[in-house]
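Okay, here's what each chain looks like letter by letter:
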Amino acid sequence: MGGGNGQKSAAARIKNQEKMAKLAKGGTSQLKVNTSAQSIICMVCRQTFLCTSNKGKLDEHIAGKHTGKATFEQCFPGWVAPPEKKAKPEKAAAKK
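Residues numbered from 1 in each chain as written. Predicted model: local features only at pLDDT ≥ 70, side-chain atom pairs only at ≥ 80, totals over all residues. Heavy atoms only, no water.

Novice: Can you help me understand the overall build of the chain in this one?
Specialist: Across its full length, the chain carries four helices and two strands. Taking all 96 residues of the chain together, the buried fraction comes to 12%. In the chain, once contacts between residues fewer than 6 apart in sequence are set aside, the share between residues at least 24 apart is 32%. As displayed, the chain has an accessible area near 8600 Å², and 56% of this comes from carbon and sulfur atoms. (Helix = DSSP H or I, 4+ residues; strand = E, 2+ residues; numbered from the N terminus. Buried < 20%, exposed > 50% of the residue type's maximum accessible area, 1.4 Å probe, protein only. Contact = heavy atoms within 4.5 Å. Areas by Shrake-Rupley, 256 points an atom, 1.4 Å probe, with all protein chains shown as cover.)

Structure, rendered in structure tokens:
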């Protein structure tokens, strides 16, 4: 059988108190992390990109904003490709 309204209200109150305590400690916002991860900057227009951006995304930016005006080297001097992700090992062969 289900609990009464009083029981549901008490459970919701406890859950809300835990949530508020978590937010008071610093919360779960990733805004600071996201802004610090934007370490690639176009030197022509100063637009920022995440540090994990690949050359294709940066080329799209150049094609869209700097058509014929700037080269990749002018926009992103000293750009280094992010490290390759390690390939996940294949799952074991299906059991017989």
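Novice: Help me out: how do you make sense of the side chain of serine 53 in this one?
Specialist: Topologically, serine 53 is positioned in the loop between strand E2 (48-49) and helix H3 (55-65). A polar contact is formed between the side chain of serine 53 and the backbone oxygen of leucine 50, at a distance of 2.9 Å. (Polar contact = N/O pair within 3.5 Å; in protein donor to acceptor, adjacent residues only side chain to side chain.)

Novice: In this structure, what is going on with the nonpolar core? I would like to understand it.
Specialist: Nonpolar side chains in soluble globular proteins tend to end up buried together. Grouped together as the largest cluster of nonpolar side chains are nine residues: Ile40, Cys42, Phe49, Leu58, Ile62, Ala70, Phe72, Cys75 and Phe76. Other than its neighbours up to four places away in sequence, alanine 70 contacts Val44, Ile62 and Cys75. (Core = buried A, V, L, I, M, F, W, Y, C linked by side-chain atoms within 4.5 Å.)

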